[in-house]
Amino acid sequence: MVKHINKEQIQTFELIDITPSSENMEKFYDLVIPNLGYNFMTALHDIGDNSIDADCSKLTFILAVKDGQLVKVMIADDGSGMSKDVLIESFKPASITPHSISDLGKFGSGGTFGSYTIAKNKIVITKEKDGELFCMESGGNSPSANNAIQRIPNDDEQSIFDKYCGSQGTLIILDDLREFEEALENTNDLYNIIIKETASAYRNFIDAGIKVSVALDNGSKSKETLVKSFDPLYHDQKDKLCYSHSETLEWEGSEIKIRYSVLNPDMFDDKDAKAY
C-alpha cells in the first residue's frame, strides 16, 4: 500500500548535535558518578571484575600511603592486557568492547564508574602478551574531561607494573582521591575491610585458583596479605550451622540458586549476638 503525501504534509527537519561538551562530561564525572549510590567496595570490585574477565591468575588491590595519608588506590592483574584501541574505549563512560555472556562486566561501564567514584584521576598501564606497553591518563592532568593523555609511564609506575603485573596485564592507578565513608578513613582499617570483603565477594574465583591479594605500600610498614576465601553463610563449615538447605528456582528463563541457613548460636561468644 502506497500512501500519498501532499506537499503541505512534508516537514523539514534539522539534525542537532547533542555530543556532550567537556563541561557536560566534567559534571558527569565529578558530580553524577560519585553520587549514584556506589560505595567504595562496590566501586573497587567493579574494577576488579574486569581483571577476572581478563583471565588473570593474580589480582592485587594496593593502597599507597605517603606521610601517613592514603594517596593512591591501585588495582593490578596479570591478565590478557589491552590493545591500544581497547584501552581508548575503556576510558569512555560506556565502552562498546564486546563481552562474553560469562563475563562479570556486561555493560562496559563498571571500570569507568568505579574509578571515578574512588578518584578524580585515573592512569592505566597495560600490555598484551608480546605486545606494546601503553599508558593513558585522564582526569585532573588532562586538558578537558573529553580528553585522555597517552604517555610513557614514569619510573615508579613502571616499577609497580613490573612488580604486580609482570610481562603482561593491566595496572590501574587512582589518585586525587575523593572523600571516603567515615569508616574507611583509617588506612589500616580500610586494608582489613578490603581483605574481608574481597574474601567473600571473590570466594568462588579464589577457590578456582586465582590468587587475590591486598597490599599496603607504606615504606618500612609495607605488607601484603593473600586473601583466603570466606563463605559468609558458612556452607563449608557444617559445625556452624543448625540447618542448611539449597534449591534452584527458574525465573524468566534463568536459574536462581537459593540457600537457606540457620547459624549455630554456640559459634558466638557474645550473649547479645547469641540472642539475636
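Above this text is the structure in question.
Now for a quick tour of the structure.

## Things to note about the packing of helix H2 (residues 40–53) against helix H6 (residues 187–201)
Working step 1: Axis separation between H2 and H6 bottoms out at 11 Å; the angle between their running directions is 60 degrees. Accordingly, the angle class assigned to the pair H2 and H6 is oblique. Viewed along their axes, H2 and H6 form a crossing whose handedness is right-handed. Contact residues: H2 offers Phe40, Met41, Leu44 and His45, while H6 offers Leu190, Ile193, Ile194, Glu197, Thr198 and Ala201.
Working step 2: Here the residues of the contact of H2 with H6 sort into seven nonpolar, two polar and one charged.

## Brief notes about a nonpolar patch on the surface
Working step 1: A contiguous nonpolar surface patch, about 260 Å² in accessible area, is contributed by Leu31, Val32 and Leu36.
Working step 2: Relative to the elements of secondary structure, Leu36 occurs in the loop between helix H1 (22–32) and H2.

## Notes on the nonpolar core
Working step 1: By size, the foremost hydrophobic cluster in this structure holds 38 residues, and its most contacted members are Phe40, Leu44, Val73, Ile118 and Ile194.
Working step 2: Secondary structure elements with two or more residues in this core: H2, strand S1 (58–66), strand S2 (69–77), strand S3 (119–127), strand S4 (133–138), strand S6 (169–177), H6 and strand S7 (211–217).
Working step 3: The biggest single contributor to this core is H2, with six residues.
Working step 4: If near-sequence neighbours (up to four positions away) are discounted, Ile194 is found in contact with Phe40, Met41, Leu44, Phe61, Leu63 and Val214.
Working step 5: By size, the runner-up hydrophobic cluster in this structure holds 14 residues, among which are Ile123, Ile125, Leu171 and Ile173.

Calculation notes
Per chain, the residues get numbers from 1 upward, laid out in the order the sequence is written. Local features in a predicted model are, by the rule used here, given only for residues with pLDDT of at least 70; side-chain atom pairs are given and counted only at 80 or more, and totals for whole chains, interfaces and linings are based on all residues. Only heavy atoms go into the side-chain values, all of them from the structure, while hydrogens and water stay out. Note on geometry: axes are C-alpha line fits, over the in-contact stretch for helices, and angles between N-to-C directions span 0 to 180 degrees. Only DSSP runs of H or I reaching four residues or more are called helices, and only runs of E reaching two or more are called strands; each is numbered from the N terminus. Under this scheme an angle from 65 to 115 degrees is roughly perpendicular, one under 35 degrees roughly parallel, and one over 145 degrees roughly antiparallel; angles in between are oblique. In a left-handed crossing the near helix is turned counterclockwise from the far helix by less than a right angle, and in a right-handed crossing that turn is clockwise. The contact definition used throughout considers only heavy atoms, calling two residues in contact when any of these lie within 4.5 Å. Gly counts as polar in this scheme, as do all residues outside two lists: the nonpolar Ala, Val, Leu, Ile, Met, Phe, Trp, Tyr, Cys and Pro, and the charged Asp, Glu, Lys and Arg. For patch detection, residues must exceed 30% relative accessible area and be free of salt bridges, and they are connected within 9 Å for like charges or within 5 Å for nonpolar side chains (Val, Leu, Ile, Met, Phe, Trp, Tyr). Values of accessible area rely on a 1.4 Å probe in the Shrake-Rupley scheme; residue burial ignores everything except the protein chains shown. What makes a salt bridge here is a side-chain nitrogen of Lys or Arg within 4 Å of a carboxyl oxygen of Asp or Glu, nothing more. Only buried residues count toward a nonpolar core, which is a set of Ala, Val, Leu, Ile, Met, Phe, Trp, Tyr and Cys residues joined through side-chain atoms within 4.5 Å. Only protein chains enter the calculation, and the probe is 1.4 Å; a residue is then buried if its accessible area is under 20% of its type maximum, exposed if over 50%, and partly exposed in between.

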